[in-house]
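Breakdown of the fold
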Amino acid sequence: MAPYLILLFVPLLQLIPLNIVRYGSNPLREKQRAQRGRRVLISFFLLYYLLLCLKSSELGADAQQYQYHFRMISKLGWKQLLRYEYEIGFVILNKLVSTVTDNFHIMEVVVASLSLFPLAKRYCEDVSHPYLKIILFVNSSYFASYFSGGRQLLAAAIIFSAFSFVRERKLVPFLIAVFLASLFHQSAWFALLLYPCYAIRVKKQHLPLLLGSAVIIFVFRKELFTVLVRFSSDKFITRYSSVSNTGAFLMLIFYVLLCVFCIVTTDTKSRDRDTAGILNYLYLATIIQMFASIAHGITRINDYFIAFIPILLPKIMDSALPRFKQVAWLANLVICVFFTIYFIMNTRWGSDIVNIFPYQAFWQSGT
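So, a few notes on the structure that sits alongside this text. (Residues numbered from 1 in each chain as written. Predicted model: local features only at pLDDT ≥ 70, side-chain atom pairs only at ≥ 80, totals over all residues. Heavy atoms only, no water.)

**Quick look at the overall build of the chain**
In plain terms, the rule: The helix and strand labels rest on DSSP assignments: H or I over at least four residues marks a helix, E over at least two residues marks a strand, and numbering proceeds from the N terminus. Two things to know: the radius of gyration comes from C-alpha atoms, and the globule rule equals 2.2 Å times the number of residues to the power 0.38. Partly exposed residues are those whose accessible area sits between 20% and 50% of the maximum for their type, while under 20% is buried and over 50% is exposed, using a 1.4 Å probe and protein chains only.
Along its length, the chain carries 20 helices and zero strands. At 21 Å, the chain has a C-alpha radius of gyration in line with the 21 Å of a compact globule built from 367 residues. By principal-axis analysis of the C-alpha atoms, the chain measures approximately 65 × 50 × 40 Å. Sorting the 367 residues of the chain into buried and exposed places 49% on the buried side.

**Quick word on the packing of helix 4 (residues 88-100) against helix 5 (residues 104-123)**
Rules: Axis lines are fitted to C-alpha atoms, over the contacting stretch for helices. Their N-to-C directions set the angle, which ranges from 0 to 180 degrees. Should an angle fall under 35 degrees it is called roughly parallel, over 145 degrees roughly antiparallel, and 65 to 115 degrees roughly perpendicular, with every other angle called oblique. Note on convention: near helix rotated counterclockwise from far helix by under a right angle means a left-handed crossing. Clockwise means right-handed. Throughout, a residue-residue contact means that at least one pair of heavy atoms, one from each residue, lies within 4.5 Å.
Interhelical geometry of helix 4 versus helix 5 gives an angle of 130° and a closest axis separation of 10 Å. Between helix 4 and helix 5, the angle is such that the two are oblique. Between helix 4 and helix 5 lies a crossing whose hand is right-handed. Of the residues in helix 5, those touching helix 4 at Leu93, Asn94 and Val97 are Met107, Val110 and Leu114.

**Here's the deal with helix 10 (residues 171-182)**
How we decide: The length a helix should cover is 1.5 Å for every residue beyond the first. The arc under discussion is defined with respect to the helix axis, by the directions toward the C-beta atoms.
In a regular helix each residue adds 1.5 Å, so 12 residues correspond to 16 Å; helix 10 covers 16 Å between its end C-alpha atoms and thus fits that length. All of the buried residues in helix 10 are Phe174, Ala177, Val178, Ala181 and Ser182. Viewed along the axis of helix 10, the buried residues span an arc of 140°, placing them on a single side of the element. On the buried face of helix 10, the contacting elements are helix 8 (151-161), helix 9 (163-167) and helix 11 (194-199).

**Topic: the nonpolar core**
Which entries qualify depends on this criterion: Joining through side-chain atoms within 4.5 Å is the link that ties buried Ala, Val, Leu, Ile, Met, Phe, Trp, Tyr and Cys residues into a set, and such a set is a nonpolar core.
Tyr4, Tyr48, Phe137 and Phe143 are the most contacted members of the largest nonpolar core, which has 114 residues in total. Tallying contributions element by element places helix 2 (residues 27-54) first for this core, with nine residues. Apart from the residues within four sequence positions on either side, Phe137 is in contact with Phe44, Tyr48, Leu119, Tyr123, Tyr142, Phe143, Tyr146 and Pro310.

**Details of the state of the cysteines**
To keep things clear, this is the line we draw: When the sulfur atoms of two cysteines come within 2.5 Å, that pair is taken as a disulfide.
Counted by the stated rule, this structure contains zero disulfides. The structure places no disulfide on Cys124, whose sulfur is separated from the nearest cysteine sulfur, that of Cys336, by 16 Å.

**Brief notes about unusual backbone geometry**
The omega torsion of the bond from Phe357 to Pro358 falls at -10°, within 30 degrees of zero and hence cis. One can find Pro358 in the loop between helix 19 (325-349) and helix 20 (362-365). Phi angles above zero are rare outside glycine, and His129 is one such case at about 50°. With respect to the helices and strands, His129 occurs in the loop between helix 5 and helix 6 (130-138). A relative accessible area of 7% means that His129 is categorised as buried. Despite not being glycine, Arg169 has its phi angle at roughly 55°, a positive value. Position of Arg169 among the secondary structure elements: in the loop between helix 9 and helix 10.

**Things to note about the packing of helix 1 (residues 2-13) against helix 19**
In a packed pair of helices, the relevant descriptors are the angle between the two axes and the axis-to-axis distance. As a reminder of what qualifies: Polar here means any residue outside two lists: the nonpolar Ala, Val, Leu, Ile, Met, Phe, Trp, Tyr, Cys and Pro, and the charged Asp, Glu, Lys and Arg; Gly therefore counts as polar.
It is the contact of helix 1 with helix 19, at a shortest axis distance of 10 Å, that shows an interaxial angle of 165°. In terms of orientation, helix 1 and helix 19 fall into the roughly antiparallel class. Note on packing geometry: the crossing formed by helix 1 with helix 19 is left-handed. On the side of helix 1, the interface is formed by Tyr4, Leu5, Leu8 and Phe9, while helix 19 contributes Thr340, Phe343, Ile344 and Thr347. For the contact of helix 1 with helix 19, a count of residues per class yields six nonpolar, two polar and no charged.

**Description of the environment of Thr347**
The criterion, for reference: Think of a polar contact as two N or O atoms within 3.5 Å of one another; within protein, one of them needs to be a possible hydrogen donor and the other a possible acceptor, and neighboring residues in sequence only count if both atoms come from side chains.
Examined against the element boundaries, Thr347 turns out to sit in helix 19. Taking C-alpha positions, Thr347 is 32 Å from Leu93, a pair spaced 254 residues apart along the chain. Among residues more than four places away in sequence, those in contact with Thr347 are Met1, Tyr4 and Phe357. A polar contact is formed between the side chain of Thr347 and the backbone oxygen of Ile344, at a distance of 2.6 Å.

Right, dumping it as structure tokens:
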């Protein structure tokens, strides 16, 4: 538990006094706020990276599975790699590392380096409300996923790096990036939705249509999923096509509340182009999350969109209409306090289905 507390409280202590959440137009205060926010985010990601590099190979829900595949791939000849069951990009990366060392821990360090730095770079672009960004991230599925070092993280890293192509409307480079990402995980093709969703401008008059469509999708989600899954790959159908009540409603409720908060506290005039584009990802993530209550595999699709929520919320706080500035300040405080307590309680009393609590270093397990 102690390493995770250090991960949270070292960045948090750098925010004392907490004037970073105050609003003001003083240039000196803004400069100090930006410098402090950058230090907070950098220190968090450096500590997080250290935990990933020093972790035991027994830590992480899928770590043992990837260790098995690393050993199997290391025994294959280069001509045999195409016949291996995983995506070729991930297979080649394993093979390249295995030619240098048979230590799986080194492979974990390589994956952590390649997958985390693009995300960290994207998160550090905007340094406002750094702790809000941190606490949303550590309570997301991404936080635990990095301890397993999976294929999808490498695919997502390429997508995060290519997000500038979305902003600059460079379609061909973005398509190339998605193709490269699909070589590590086939779900990367769903990231194609990032491009058109960013360009769409949802105005106030569109909200009733959006709400009505969301209600219809939720009511008929089982029927829609049954139809849509027919267009998926054979691997996806085999693994994730079964329909059952998963009970995954908590995150859906949270996303809905975030949508309401964003719509109420801001409008199309107060949001800049980037905020409006990323807000569309929250809308899309909310709709996709509706299917998570009936199919486990949907969360894999949503990972490419929910990763932008910690980027979005600070932007929304800064874009709040004048009459909602205090509401935004209070919401920031409530979210930070609630999710800090939730994370601490989860490290101590959580069910630990992600297998990361308590933290275990590699020298403690001999791996």
